[in-house]
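Report on the structure
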Amino acid sequence: MYKKFSRRDALKSIAIGSGILSIGGVASSFAAMNYIDENTLPASQKNNIKHSVCRWCFQDIPLDQFARTCANLGIQAIDLLKPSEWETVEKYGLVCSMATDVFADIENGFNEPKNHKDLQEKYKGLIDKASKHNIKNVIVFSGNRRGMDEQTGIKNCSKGLKPLLNYAKKKNVTLVMELLNSKVDHPDYMADHTEWGVALAEEMEADNFKLLYDIYHMQVMEGDIIATIKKHHKHINHYHTAGVPGRNEIDDTQELFYPAIMRAIVETGFEGFVAQEFIPTNPDELASLKKAIEICDV
């Protein structure tokens, strides 16, 4: 059995303070942990890619044990952690590579002016916390369209984000908007194409506003992954992975060839994190994670 929940499901579970467990998920997770000898260091890495992993994809594993295993796999960070989770991963020499909190809402974001005051207040608090932990990236979302045209969405997002960017800059924090597909996983989401995200970045002209280029999502929406990365890399400071179709392992069961994508990322001079965000189908889910790190370590 494997997890069939989505990131939206995971975020909802975070908001109500409970975890999501698939049928047999805990047992399979601990079996996977036993599969990986935690006394054995990973093979020497090339150090061209800084490896991270999204917490929600492995949410049935207790964070303390997950962090320890990640450190032993050569992973340097964990993505999409709340403030209450940061100290747990820091114990193992890891960092939170992308901070979030329960209020961060994919569907209700900065493209709606009515959200600005509340989001600005809550994000300032998150930025303060992130700065104290030396966390560099905080995730933001456009929100859903609800009939809004592209240009109005850009103007509204810019208006809502600019005051926060000025605040975040003083704290050495970058706000990062994720590009998500609106075809399969997040119907009606506005920031669903790279060009829209780039247009927003150029509208704001702020060096601490960047894009999270999710390779899975952008393959679903527009394809042309390597050419897009090469063209727009200056606006990107974070990447997510997953297999297409299905959002599962990034091995040869799916259509993307990740070694070539990683080499293209390295060639741009990228210095940020690449975070695995696939949903394992393998009962030994941490074995799948280990393999994904090997695939991306170019």
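What counts, and at which threshold
- Residues numbered from 1 in each chain as written.
- Predicted model: local features only at pLDDT ≥ 70, side-chain atom pairs only at ≥ 80, totals over all residues.
- Heavy atoms only, no water.
- Phe/Tyr/Trp six-rings, centres within 6.5 Å; stacked < 30°, edge-to-face > 60°.
- Helix = DSSP H or I, 4+ residues; strand = E, 2+ residues; numbered from the N terminus.
- Buried < 20%, exposed > 50% of the residue type's maximum accessible area, 1.4 Å probe, protein only.
- Lys NZ or Arg CZ within 6 Å of the ring centre and 35° of its normal.
- Pairing = 2+ DSSP bridges.
- Right-handed = clockwise from strand over helix to strand, strands pointing away.
- Axes fitted to C-alpha atoms, helices over the stretch in contact; angles between N-to-C directions.
- Parallel < 35°, antiparallel > 145°, perpendicular 65-115°, else oblique.
- Contact = heavy atoms within 4.5 Å.

**Quick word on the packing of aromatic side chains**
The tally for this structure, following the rule as stated, stands at six aromatic pairs. Between Phe58 and Phe278, the ring centres sit 5.9 Å apart and the planes meet at 90 degrees, which makes this aromatic pair edge-to-face. Linking Phe58 in the loop between β1 (50–54) and α3 (63–72) with Phe278 in the loop between β8 (273–276) and α11 (285–296), this pair joins segments that are 220 residues apart in sequence. The two residues Phe58 and Phe278 agree in class, both being buried. Summarising the aromatic geometry, the rings of Tyr213 and Tyr239 are spaced 5.9 Å apart at their centres and angled 70 degrees between planes, so their arrangement reads as edge-to-face. Of this pair, Tyr213 sits in strand β6 (residues 209–214) while Tyr239 is found in strand β7 (residues 236–241), placing the two residues 26 residues apart along the sequence. Three or more aromatic residues joined by ring pairs form one cluster here, namely Phe58, Phe66 and Phe278. The ring of Phe273 carries the charged tip of Lys50 above its face, separated from the ring centre by 4.4 Å. One cation-aromatic arrangement involves Lys124 over Tyr167; the distance from NZ or CZ to the ring centre is 5.4 Å.

**Considering the pairing of β7**
Taking burial as the measure, the six residues of β7 include six buried ones, the bulk of the element. Across four bridges, the pairing between β6 and β7 is parallel. Pairing of Asp214 across the sheet is with His240, part of β7. By the bridge criterion, four bridges tie β7 to β8 in an arrangement that is parallel. Residue pairing for β8: His240 is matched across the bridge by Ala275. Taken together, β7, helix α10 (residues 258–267) and β8 constitute a β-α-β crossover, and its handedness is right-handed.

**Some details on the packing of helix α9 (residues 225–232) against α10**
α10 packs onto α9 with a crossing angle of 10 degrees between their chain directions and a minimal axis gap of 10 Å. Here α9 lies roughly parallel to α10, going by the angle between them. When α9 is examined against α10, the residues Ile225, Ile226, Ile229 and Lys230 are found in contact with a partner set consisting of Ala260, Ile261, Ala264, Ile265 and Glu267.

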